[in-house]
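Structural overview
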2 protein chains.
Amino acid sequence: MTSPIHVLGFAGSLRKASFNKRLITIAADVLPPAMTLEQFDLAPLPLYNEDLERESGLPDGVQQFHASLAAADALLIATPEYNFSISGVLKNALDWASRAMVDGRPSPLNDKPLAIMGGGGRLGTARAQMHLRDIAPHNNMHVLNTPQVYFIGVRSAFDADGNLIDPTVRERIAQLMEALAHWTRRLRGF
Amino acid sequence: MTSPIHVLGFAGSLRKASFNKRLITIAADVLPPAMTLEQFDLAPLPLYNEDLERESGLPDGVQQFHASLAAADALLIATPEYNFSISGVLKNALDWASRAMVDGRPSPLNDKPLAIMGGGGRLGTARAQMHLRDIAPHNNMHVLNTPQVYFIGVRSAFDADGNLIDPTVRERIAQLMEALAHWTRRLRGF
């Protein structure tokens, strides 16, 4: 028997037709056995402000994010590349997530296996993914090394209606999720 | 005669008593001759969403930010370090700033001289500043190389009422602004 793994997946872009949101949706469709995936939209998170937190605790949207993170065995992030790095939207979400839980436990990011992928232009989010790999250790996240999943010219993988027309995208994301399952079970010892 | 230089300064933290906001305020107090500084608060910027921009153009707060950037001869950023990088708040502001002007001109960040400083804990925002240096070239900003201004243990530079008690902070920021003035005049040739 394989032990169940629950993954929380989110994209670093807010627009409805975001390619990176689509990548998360594709991941949900190619999960290996005993893996489930919840998709989380980062839009309800306010900009991080320590005053907010001190005055009235974590805002509602942040509490929901914390709860979904805490319930996950592993994380999946699809990052766009904005200005040679991850988006402010994604960094802001990680900044909120990095805060200790309301009950004093460590951040819900702590000790989480993390798979990264991204779809972009000519370099396919390579620079954004490097910055994300720099950031992850601060919260003791364990980033999967391989496969490295960069979708170069991601726009051309979809038709005008948003349907996936490049089958290698599904294949590579399936490989990533399989590797994340293996990595997660290896880290927790079963 | 020295030609006038107008600087736009902003901090990557939103809390009222932010140490990095205080560093910008100190900069405004130690400017070299013929330099002026406007402080900008990043709080009114929404999270970046390309849908917003397509549906109704740049939001009001973003337009004000663009206008202040465009009016500046040089930029000054005081960055905190969150999770080994710049804050999501700062990255989000740069993501908005990186968008082309409404009238089709390049981003108002284009070709701007930029001075960086930061106040933080044990490493004084060194990692955040490195990420900011990675990001700056995307918009053709020209980052001042020296002096590198990292305030390690910045909290101890102020008393409980927020008054600066470490005179070296003023001195180092004054050196930074002097160097920014020189760098700006050198780049524009007068």
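Scroll up to find the structure.
Residues numbered from 1 in each chain as written. Chains lettered and ligands numbered in written order. Predicted model: local features only at pLDDT ≥ 70, side-chain atom pairs only at ≥ 80, totals over all residues. Heavy atoms only, no water.

Remarks on the relation of the copies chain B and chain A
Our working definition: When the copies are overlaid, the least-squares fit takes in C-alpha atoms only where the residue has pLDDT of at least 70 in both copies.
Least-squares fitting of chain B to chain A yields an RMSD of 0.0 Å, with the superposition described by an axial translation of 0.0 Å and a rotation of 180 degrees. Within this description, the copies of the chain are treated as partners about a two-fold rotation axis. In terms of C-alpha distance to the rotation axis, chain B has glycine 88 of chain B as its closest residue, with the C-alpha 2.2 Å off the axis.

Notes on the pattern of salt bridges
We count it as follows: Just to be clear on terms, a salt bridge is a Lys or Arg side-chain nitrogen sitting within 4 Å of an Asp or Glu carboxyl oxygen. Helix and strand labels come from DSSP, where a helix needs a run of H or I of at least four residues and a strand needs a run of E of at least two; each type is numbered from the N terminus. Three labels apply to residues, based on accessible area from a 1.4 Å probe with only protein chains included: buried if under 20% of the type maximum, exposed if over 50%, partly exposed otherwise in between.
Following the criterion strictly, the structure yields 16 salt bridges over all chains and no others. With its nearest N and O atoms 3.5 Å apart, the salt bridge here joins arginine 188 of chain A to aspartate 73 of chain A. Of this pair, arginine 188 of chain A sits in helix H6 (residues 167–188) while aspartate 73 of chain A sits in the loop between helix H3 (60–70) and strand E3 (74–78), placing them 115 residues apart in sequence. Relative accessible area serves as the criterion here: at 28%, aspartate 73 of chain A is assigned to the partly exposed category. Each member of the salt-bridge network shares a partner with another, and the members are Arg15 of chain A together with Glu50 and Arg54 of chain B.

Focus: the environment of leucine 180 of chain B
Tracing the chain through its elements places leucine 180 of chain B in helix H6 (residues 167–188). In this structure, the C-alpha to C-alpha distance between leucine 180 of chain B and alanine 157 of chain B, residues 23 residues apart in sequence, is 23 Å.

Some words on helix H1 (residues 19–29) of chain B
Residues and elements named next belong to chain B. Our working definition: Whether two residues touch is decided by their heavy atoms; if any such pair falls within 4.5 Å, the residues are in contact. Think of a polar contact as two N or O atoms within 3.5 Å of one another; within protein, one of them needs to be a possible hydrogen donor and the other a possible acceptor, and neighboring residues in sequence only count if both atoms come from side chains.
Considered for burial, the residues of H1 that qualify are Phe19, Asn20, Lys21, Leu23, Ile24, Ile26 and Ala27. For H1, the secondary structure elements touched by its buried residues are strand E1 (5–11), strand E2 (35–40), strand E3 (74–78), strand E4 (113–120), strand E6 (149–152) and H6. N-capping of H1 is provided by serine 18, with a side-chain oxygen placed 3.1 Å from the backbone N of asparagine 20.

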